[in-house]
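The primary structure of each chain is shown beneath.
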Amino acid sequence: MAKFKEALERGKKAHRQQGEDANAPMADFGTQARAWLNDVVVAALEAAKAEVAGEMTIDVDTASRRRVKELTPSLQFQIYGKPGLKKTAGRAFTVNVQLSGEVSVSSPGMVTEDVGNIGDRSAERFRNLVAKLIEDAAKSMC
């Protein structure tokens, strides 16, 4: 009989704990997603921009970062060749954060690429994709 009383007490305690946890402030998803975009995406794009500065230009659309009320924020960037080189046609990309926390990159004429989750603070997958996009842009300039 003591086992059942202990189980009953554990259940009551768990129920009280669950109620306390429900009252705890939760981090806003939009805030977390914007932080991920700033910490991971913008940092990777700025690093790539510095590395290829002589041959390519990478522009990050800061207006999309200012929309703080969006539940699922996004960020746009463009990769194009430097003026004066053979071709300067650019390509625009959008980084989207879904409600699930999954992040993808898309562009007209491109299959959407998944680049991870906002819970993963590593920028490696995004950096690899940016390197691939820069390589593709360099190929199209030749």
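Scroll up to find the structure.
A. Inspection of the side chain of T57 at higher detail. Along the chain, the position of T57 falls in strand β1 (residues 56-60). Aside from chain neighbours lying at most four places away, what touches T57 is Q78, I79, Y80 and K82.

B. Expanded view of the pairing of strand β3 (residues 91-97). As paired strands, strand β2 (residues 74-81) and β3 are joined by 6 bridges and run antiparallel to one another. Among the inter-strand pairings, Q78 is bridged to a residue of β3, identified as A92. The pairing of β3 with strand β4 (residues 102-106) spans 4 bridges and is classified as antiparallel. Following the sheet pairing, V95 is matched in β4 by V105. Taking the residues between adjacent antiparallel strands as the criterion, β3 and β4 are bridged by 4 residues, where G101 takes a positive phi near 95°.

Thresholds, definitions, all that
Residues numbered from 1 in each chain as written. Predicted model: local features only at pLDDT ≥ 70, side-chain atom pairs only at ≥ 80, totals over all residues. Heavy atoms only, no water. Helix = DSSP H or I, 4+ residues; strand = E, 2+ residues; numbered from the N terminus. Contact = heavy atoms within 4.5 Å. Pairing = 2+ DSSP bridges.

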